[in-house]
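As a plain string of letters, each chain reads:
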Amino acid sequence: MALLPILCYPDLRLHTVAKPVAAVDARIRQLCSDMLQTMYEASGIGLAATQVNVHERLIVIDLSQEHDQPLVLINPELVWTSEGKHLNEEGCLSVPGIYDGVERFDAVHVRALDAQGHSRVIEAEGLLAVCIQHEMDHLLGKVFVEYLSPLKRNRIKTKMLKAQREDAR
Ligand code: NI
């Protein structure tokens, strides 16, 4: 297993649209395992392959405190969304320290392959539904701050660039 570097906003590579995973093979299983370890190490609850600069449709999620309920979604597609939407506070490992409200469907059903390559449909609500929508956005090259006002987004961009300059010293 290996820790992977996480791209930080406003890195332009975060806006790459991911391609479908062609085959769930040993390389993909290794990537899942590395992404889970990277996410746990960073105390995150979700990570998209885009964030580790791999532009294939793969996300990992684990909402458990104990890090023992990993969920791998390969080539995820929304097959149903609820009528209702709610504002939820979100954060992102690619935008460290920033939390803000984004509207998401209350519930979604998503079809995806698991790490064994089996197709299944996950019925999600609450935090899991929010997390799935946030991570699926990453695969489309979208970071949650893009839902915020241009003023807020520019402030965040400036703050991130300043922090990155300071880290580089
Ligand atoms: Ni994120």
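Residues numbered from 1 in each chain as written. Predicted model: local features only at pLDDT ≥ 70, side-chain atom pairs only at ≥ 80, totals over all residues. Heavy atoms only, no water.

With respect to the pattern of salt bridges
- If you walk through the whole model with that rule in mind, you get 7 salt bridges.
- With a closest N to O distance of 3.9 Å, Arg57 and Glu77 form a salt bridge. Here Arg57, found in the loop between strand 1 (46-48) and strand 2 (58-61), pairs with Glu77, found in strand 3 (residues 71-81); they are 20 residues apart in sequence, far enough to count as distant.
- Arg57 sits in the buried class, given a relative accessible area of 10%. (Salt bridge = Lys/Arg side-chain N within 4 Å of Asp/Glu carboxyl O. Helix = DSSP H or I, 4+ residues; strand = E, 2+ residues; numbered from the N terminus. Buried < 20%, exposed > 50% of the residue type's maximum accessible area, 1.4 Å probe, protein only.)

Section: the coordination of the nickel ion
- Taken together, Cys92 (SG), His134 (NE2) and His138 (NE2) make up the full set of protein donors to the nickel ion, lying 2.1 to 2.2 Å away.
- By relative accessible area, which is 11% here, Cys92 ends up buried. (Donors = N, O, S within 2.8 Å, 3.2 Å for Na, K, Ca; no water.)

Remarks on the side chain of Glu90
- Assignment of secondary structure puts Glu90 in strand 4 (residues 85-90).
- Polar side-chain contacts of Glu90 include one of 2.7 Å to the side chain of Arg104.
- Here the side chain of Glu90 touches His134 through a polar contact of 2.8 Å, side chain to side chain.
- With residues near it in sequence (within four places) discarded, Glu90 still touches Ile98, Tyr99, Asp100, Val102, Arg104, Val130, His134 and Phe144. (Polar contact = N/O pair within 3.5 Å; in protein donor to acceptor, adjacent residues only side chain to side chain. Contact = heavy atoms within 4.5 Å.)

Topic: the environment of Leu140
- Its place among the elements puts Leu140 in the loop between helix 2 (126-139) and helix 3 (150-168).
- Along the primary structure Leu140 and Arg57 are separated by 83 residues, whereas in three dimensions their C-alpha atoms are 8.9 Å apart.
- In this structure Leu140 touches Thr16, Val17 and Arg57, once residues within four positions along its chain are discounted.

A closer look at the packing of aromatic side chains
- A complete count under the given rule lists 0 aromatic pairs for this structure.
- For Lys85, the ring lying beneath its charged end belongs to Phe105, and the centroid distance is 4.7 Å.
- Above the ring of Tyr147, the side-chain terminus of Lys142 is found at 4.1 Å from the ring centroid. (Phe/Tyr/Trp six-rings, centres within 6.5 Å; stacked < 30°, edge-to-face > 60°. Lys NZ or Arg CZ within 6 Å of the ring centre and 35° of its normal.)

Structural notes on the sheet that holds strand 7 (residues 119-125)
- Pairing is antiparallel across the open sheet formed by 5 strands, whose spatial order is 1-2-3-6-7. Sheet topology places strand 1 and strand 7 at the edges, where each strand pairs with a single neighbour. Sheet twist, expressed as the average angle between the axes of neighbouring strands with direction ignored, equals 40°.
- Strand direction decides the pairing type here: strand 1 and strand 2, joined by 3 bridges, are antiparallel. Counterpart to Leu47 in the pairing with strand 2 is Val60. (Pairing = 2+ DSSP bridges. Axes fitted to C-alpha atoms, helices over the stretch in contact; angles between N-to-C directions.)

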